[in-house]
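This is what each chain is made of:
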Amino acid sequence: TVRWHPADGGGFYYGVFGSELPDLDWEEEEVREEMFGVWDTWLDHVDGYRLDAVRTLIETSTDVYDSDETHALLAELWQRTQDAHPDALLLAEAACASPEHTATYLGSAEAPQSDAVIDFPRRDAMLAAVAVGDASILGDLLLDAEATGTLVDTAPYLQSHDVARLSTLVTDARARRMLEVLQLTLPGNPILYYGEELDVPDDAADTGQDYAQRGPMPWNDGYNGGFTDVVPWMTLDPSYAEGVNVEDARSEEHTSELQSPCNLVCRLLLEKK
């Protein structure tokens, strides 16, 4: 993997995720203070942060992932948030393969690092259990999570901006319904990706566009799904005109006809709102 990229005017800069995403040098005092200022400013306007790819916040000469410096920075950010906005949520995206590894990004009672960690192991276990029809795969994972303290303080998910939507991964609507029910009823703090409550599919209109799961939210069956009256950054899958949109999901007469595995979830969310 190429991590160093040529800079204009000579020299190189570090970007673990590509040339378009330069890494911040959190060990540089000026950078740290600047980012703390940004952090504090936005905390007055948001309810918390989703911290992306936290395993690579600070890379050292020996540890690209999971460095001690990364864990120390997360603990500092968590405490900084608590001091200013104790109700704010810090959600860590740490792509860990096991509950034991995930637990390290919760920190300790003396030095918490996040309020919840996105639960990669649970998603993998849920999809695997459904794919092979073996519930013990998920059951074993949950027992492991309970033993490591990650059963509750994690955020189970099924869809996100960088994985295919569930309707692409799991073609059986009954299986998708089961996965959604499990996600929302098992212990933890479930998170939904926009459109998940409607069973929005990946955008099939133009496969040359960025990521197919990042299409606009379909609000109704009108022009561009009611998202915008100008050209959006991505087209919408044609399903928005066939009932897969918020307005139709809100209508009693249409909800009963929808084949979405998320009907019940959608109704509950809309009624709560």
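Structure shown above.
Notes on the structure follow. (Residues numbered from 1 in each chain as written. Predicted model: local features only at pLDDT ≥ 70, side-chain atom pairs only at ≥ 80, totals over all residues. Heavy atoms only, no water.)

### Digging into the nonpolar core
At step 1: Counting residues in each nonpolar core, the largest one holds 21 residues, and the members touching the most others are Trp-39, Val-54, Leu-57 and Tyr-105.
At step 2: Sorting the residues of this core by element identifies helix H1 (29-43), strand S3 (48-51), helix H2 (68-84) and strand S4 (89-92) as the ones contributing at least two each.
At step 3: What Leu-57 contacts, discounting residues up to four positions off in sequence, is Leu-24, Trp-26, Thr-70, Leu-73 and Leu-74.
At step 4: Ranked by size, the runner-up nonpolar core spans 15 residues in total, among them Met-126, Leu-158, Val-170 and Leu-179. (Core = buried A, V, L, I, M, F, W, Y, C linked by side-chain atoms within 4.5 Å. Buried < 20%, exposed > 50% of the residue type's maximum accessible area, 1.4 Å probe, protein only. Helix = DSSP H or I, 4+ residues; strand = E, 2+ residues; numbered from the N terminus. Contact = heavy atoms within 4.5 Å.)

### Quick word on the pairing of S3
At step 1: Side chains of S3 alternate between two faces, with Tyr-49 and Leu-51 buried and Gly-48 and Arg-50 left unburied.
At step 2: Sheet topology places S3 next to S4; four bridges connect them, and they run parallel. Counted as the bridge partner of Tyr-49 is Leu-90 from S4.
At step 3: Read as a crossover between parallel neighbours, the route from S3 over H2 to S4 is right-handed. (Pairing = 2+ DSSP bridges. Right-handed = clockwise from strand over helix to strand, strands pointing away.)

### Looking at a negative patch on the surface
At step 1: A cluster of acidic side chains, namely Asp-25, Glu-27, Glu-28, Glu-29, Glu-30, Glu-33, Asp-63, Asp-68 and Glu-69, defines a negative patch on the protein surface.
At step 2: Counting only elements with at least two residues in the negative patch, the list comes to H1 and H2.
At step 3: Of note, Glu-28 is situated in the loop between strand S2 (12-14) and H1. (Patch = residues over 30% accessible without salt bridge, like charges linked within 9 Å, V, L, I, M, F, W, Y side chains within 5 Å. Areas by Shrake-Rupley, 256 points an atom, 1.4 Å probe, with all protein chains shown as cover. Salt bridge = Lys/Arg side-chain N within 4 Å of Asp/Glu carboxyl O. Lys, Arg positive; Asp, Glu negative; His and termini not counted. Charge placed at Lys NZ, Arg CZ, Asp CG, Glu CD.)

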